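Structural overview for review
Spelled out from the first residue to the last, the chains are:
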Amino acid sequence: CFGHYTISQFDLNDCDNEGDLNIEIAASSHTFIGGIAGFINQSATIANTTCSMLNCDNSGAVTVNTVQRKSGTITPAGEGLIVSGLFGEWYMQQATLQPITLTNCNNSGAVTLKGSLMAPKTSRHVVGGVSADHYSDGTFINCHNRGAVSVEGTAATTGGMVDANNLQVGGVTAYYHPYRQNADQIGEWIGCTNTGNISIKNIKSVSYVMIGGVLGYNQNRGAGSTKLQDCGNSGELSIENTSATAN
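Residues numbered from 1 in each chain as written. Predicted model: local features only at pLDDT ≥ 70, side-chain atom pairs only at ≥ 80, totals over all residues. Heavy atoms only, no water.

Let's talk about the sheet that holds strand β23 (residues 193-194)
Applied cut-off: DSSP bridges decide pairing: two strands pair if at least two such bridges lie between them. Where helices and strands are cited, they refer to DSSP runs of H or I of at least four residues and of E of at least two residues respectively, numbered from the N terminus.
Pairing is parallel in the open sheet, where 6 strands are placed in the order β3-β8-β13-β18-β23-β28. Of all the strands in the sheet, just β3 (16-17) and β28 (232-233) have a single pairing partner and so form its edges.

Some words on the packing of aromatic side chains
Quick note on the threshold: Two rings belonging to Phe, Tyr or Trp (six-membered ring only in the last case) form a pair when the distance between their centres is within 6.5 Å. Interplanar angles under 30 degrees mark stacking, angles over 60 mark edge-to-face geometry, and anything in between is tilted. Under the scheme applied here, a residue whose accessible area is under 20% of the maximum for its type counts as buried, over 50% as exposed, and between as partly exposed, the area being computed with a 1.4 Å probe on protein chains only.
Enumeration according to the criterion identifies 4 aromatic pairs in this entry. Between the aromatic rings of Y176 and W189, the centroid separation amounts to 4.9 Å while the plane-to-plane angle is 80°, which identifies the pairing as edge-to-face. Here W189 lies in strand β22 (residues 185-190) and Y176 lies in strand β21 (residues 173-176), a separation of 13 residues in the sequence. We classify W189 as buried; its relative accessible area is 0%. The structure contains a cluster of three or more aromatic residues connected by ring pairs, namely F140, Y176 and W189.

So, the confidence of the model for the protein
Note the following rule: On a scale of 0 to 100, pLDDT captures the predictor's confidence in every residue. Whether two residues are in contact is decided by their heavy atoms, any of which lying within 4.5 Å being enough.
Taken over all residues, the pLDDT of the protein has a mean of 79, while the share at 70 or more is 69%. The model gives residues 72-77 a pLDDT under 50, and that stretch makes 14 contacts with residues more than four places away or in other chains.

Focus: the environment of G187
Examined against the element boundaries, G187 turns out to sit in strand β22. A relative accessible area of 2% means that G187 is categorised as buried. Linking G187 and T139, residues 48 residues apart in sequence, is a C-alpha distance of 5.8 Å. If we ignore the near neighbours within four places in the chain, the residues touching G187 are G138, Y176, S225, T226 and K227.

Topic: the sheet that holds strand β14 (residues 111-115)
Short version of the rule: For helices, the fitted axis covers only the stretch in contact; all axes are lines through C-alpha atoms, and the angles between them, taken along N-to-C directions, range from 0 to 180 degrees.
Strand order in the open sheet made by the 6 strands is β4-β9-β14-β19-β24-β29, with parallel pairing throughout. Each edge of the open sheet carries a strand with a single partner, namely β4 (21-26) and β29 (237-240). Each strand of the sheet is rotated relative to its neighbour by a mean of 10°, with strand direction disregarded. In the sheet, strand β24 (residues 198-201) pairs with β29 via 4 bridges, with the strands oriented parallel. Bridge pairing in β29 links I200 to I239.

Given below as structure tokens:
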């Protein structure tokens, strides 16, 4: 639907993608890829506005193949490749904005990140079924991932994903970082499920691997609570030929 969108108030309803997305990219940083949206920037121009996604679905396969960079260097950055079925990253700029709500948003397409050299060693790579990098407060209601989610490095002498800091992979949400760390309720998943298999293979040079059926990694370090209610995972989680600390 769109690559980068900056918004204050936003309601995206009944948006579907059925087309496959195939991308070949040299090693890079700050790359956001999604079947519905790559990057959504929830701006701070209007306080207390709301954003929502309702009845949005992706059934197309999202495939990102990274290739060895032939020349030049990569500027170190905090983000690597952010890949998902619906949206790559949703970013909240200010605590005055209201949490977003995703309702009945589903992914059934396979989400695949593969290749050799991914990004600089300060980067993290995030791969999810419904959402990859959710850097904002939010509520997920009846959101489901049915597609396979896989990360596979090239089995070569350099060894899989080179010089990355960590890898976060999840069925519904790969990475959740609430903006308002001290709010009473800063993250909810209600009635969300994952039935797709999640696999990580041939990853040699990452420090940490975070993997989960519904939620891969929750970086909630404040006083607020995160709630998973009536959620479930029946997909198989597997890690093969990977020399990293799995969490």
